[in-house]
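# Inside the fold
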Amino acid sequence: MNGAQIDSMRTGPTYERNASVMFVDRIRRSPERTALVVLGEDEISYEALGERLAATVHALRAAGVEQGDRVAFAASNRTEVIEVMAATLHLGGIFVPLNTRLSAAELRFITLDAGAKVILADSAMATLLAPERAALGVDHALRLPDVDEVQDGWQAVSELTGGPIDPLGPPADTSPDDVAVLMYTSGTTGQPKGAMITHGNIVATVHNLMLLIPMGPDSGMLAMAPLFHVGAMALVLGTLATGGRVVILPAFTPTAVFDAIEAQPVTFTFGVPAMFQAMTTDPRFEAADLSSVLLMCAGAPVPESLLHQYLERGAKVTQGYGLTESTAVVSLLESDFATAKLGSAGMPYPLTAVQLRDPEGAVITDAGVDGEIWIRGRNVVRGYWNRPDDTAALLDEDGWLRTGDAGHLDADGFLYITDRIKDMLITGGENVYPAEVEKVLAGHPDIADVAVIGTPDEQWGEVVTAIVVPRPGASVDLDAVQAYAREQLGGYKVPRRLHLTEELPRNASGKVLKRDLRAELA
């Protein structure tokens, strides 16, 4: 044996006990392949990723991170998102990705709520959080390599990576049910809540994705959406677990997307409708060859007009439905059905069960009947961090998760999302789901953005009210909106009131704050 010791296997049962093993295993299998690319910078092989992962484990251990400790991360898309997450999980810690679009006060709330021991930040976020440093509650505030300005209370990561760095040893002895990631919800109805994503949740989600998304050694994911969102993060993990490459965009712009597609072997990318809409405004859109890139769209309903723009160009488009509490995956409309099942969120992922239930909790078995969407599977989170009452409201005793979303299944088993249950309005005894009305009005040539809510009315209880952002130079009035809506909607769904605005209020995740609109127009 020449004094060498056989390394214990890190796969098998260990793979599901600690999700960092998917990185370590792939590093051993594909050392020479490209793992990460940041445009304009060097490409990083899986072997180099392993070295960086070992250095990050060394730094976090020097900062005192132990099993169960929370590590917060505040930065735009960069390689360290992946390195710090994998290193945290390897140590048995809990990774807490922070939404860089939040305010300093909101970020302070999350670090305190999570009880973070360490926070790492890039230049922009370190500057934003500098006034809050003493109030963050962390033992160590670490600056990533691009932060040149020395700030009180912030320590350079490089100060913790001195000395010999040991090779990666076995991962911490965690279990599939141990929390791996605290992903904080956007908080549209109050303070953010930390969804407890376990090691088993991550593995189950990657397996779900592998069954429907063309991943593997020849795949290339363009990471253009923020990696602090669960959908983008899940796809990155799946790509790396199967030996593909991840091309990282530090910030989304249509120009950067087209540059990346021309320069790298990109096979799929993920974004929200607003991103794909912005790409259509780029001068290169009409001439760009998108036929080899699978465009995955989720996070909000996809306007049919936008979908047609891509389909007419021969692009392959999937639409997905998921939520933080399901570790991103619930259903997917594969590109083969993009036209035949227009408007659908697709069929449930193979490892995830979906039911529709009425207000009393009874399962709906008839096709086309709306109900609340309930889901169950190994991808469903444990609940909310330190919020037992909210967890009890989220999960029933059998592990079914109440999504709060309304929808129906057609006779072929395809899921259609109607709206949020809480956003449904009742006018004259008829139920109206605003998303359905918004979908129609979004196709009006003079409307740039729209939200629909119910506003109080003595006669009808509530009436359908459209809040509209007109396109530049366009004029929009109620008569025009009603005439357009009547062509596609039943009379009781047609807006009776119209409010014009320059911009819709949105949270850091881009979701319209309808509670603010209701308060303003009540």
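Before reading further, recall that the structure is shown in the block above.
Quick summary incoming for the structure in this document.

Reading the values: rules and limits
- Residues numbered from 1 in each chain as written.
- Predicted model: local features only at pLDDT ≥ 70, side-chain atom pairs only at ≥ 80, totals over all residues.
- Heavy atoms only, no water.
- Helix = DSSP H or I, 4+ residues; strand = E, 2+ residues; numbered from the N terminus.
- Buried < 20%, exposed > 50% of the residue type's maximum accessible area, 1.4 Å probe, protein only.
- Phe/Tyr/Trp six-rings, centres within 6.5 Å; stacked < 30°, edge-to-face > 60°.
- Contact = heavy atoms within 4.5 Å.
- Axes fitted to C-alpha atoms, helices over the stretch in contact; angles between N-to-C directions.
- Nonpolar A, V, L, I, M, F, W, Y, C, P; charged D, E, K, R; others polar.
- Pairing = 2+ DSSP bridges.
- Right-handed = clockwise from strand over helix to strand, strands pointing away.

## Points about unusual backbone geometry
In this structure, threonine 327 is a non-glycine residue whose phi angle is positive, near 50°. Relative to the elements of secondary structure, threonine 327 occurs in the loop between β14 (316–321) and β15 (331–333). Not every positive phi belongs to a glycine, and alanine 328 is a case in point at roughly 90°. Within the secondary structure, alanine 328 sits in the loop between β14 and β15. Here alanine 328 falls in the buried class, since its relative accessible area comes to 18%.

## Thoughts on the packing of aromatic side chains
If you walk through the whole model with that rule in mind, you get 4 aromatic pairs. Relative to tyrosine 310, the ring of phenylalanine 276 has its centre 5.8 Å away and its plane inclined at 85°; by these criteria the two rings are edge-to-face. Taken together, the residues phenylalanine 276 in helix α10 (residues 273–279) and tyrosine 310 in helix α11 (residues 304–311) connect sequence positions 34 residues apart. An aromatic cluster is built from Phe276, Phe285 and Tyr310, whose rings are joined through pairwise contacts.

## Quick look at the environment of methionine 22
Tracing the sequence through the fold places methionine 22 in helix α2 (residues 21–29). For methionine 22, a relative accessible area of 1% translates into the label buried. As a C-alpha pair, methionine 22 and valine 203 span 181 residues in sequence and 8.5 Å in three-dimensional space. With residues near it in sequence (within four places) discarded, methionine 22 still touches Tyr15, Ile202, Val203, Val206, Leu237 and Ala241.

## Section: the packing of α2 against helix α8 (residues 230–241)
Two elements in contact, α2 and α8, have axes whose closest approach is 9 Å; the angle formed by their N-to-C orientations is 30°. Listed contacts from α8 to Met22, Phe23 and Arg26 of α2 are Leu237, Leu240 and Ala241. Residue composition of the contact of α2 with α8, grouped by class: 5 nonpolar, no polar and 1 charged.

## Brief notes about the pairing of strand β6 (residues 140–143)
On a regular strand, one side chain projects to one face of the sheet and the next to the other, so that they alternate. In this sheet, β6 lies alongside strand β5 (residues 116–121) in parallel orientation, the contact comprising 4 bridges. Residue pairing in the sheet places isoleucine 119 in a bridge with alanine 141 of β6. In this fold, the crossover linking β5 to β6 by way of helix α6 (residues 123–129) has right-handed handedness. Across 2 bridges, the pairing between β6 and strand β7 (residues 155–156) is parallel. When the bridges of β7 are listed, leucine 142 appears paired with glutamine 155.

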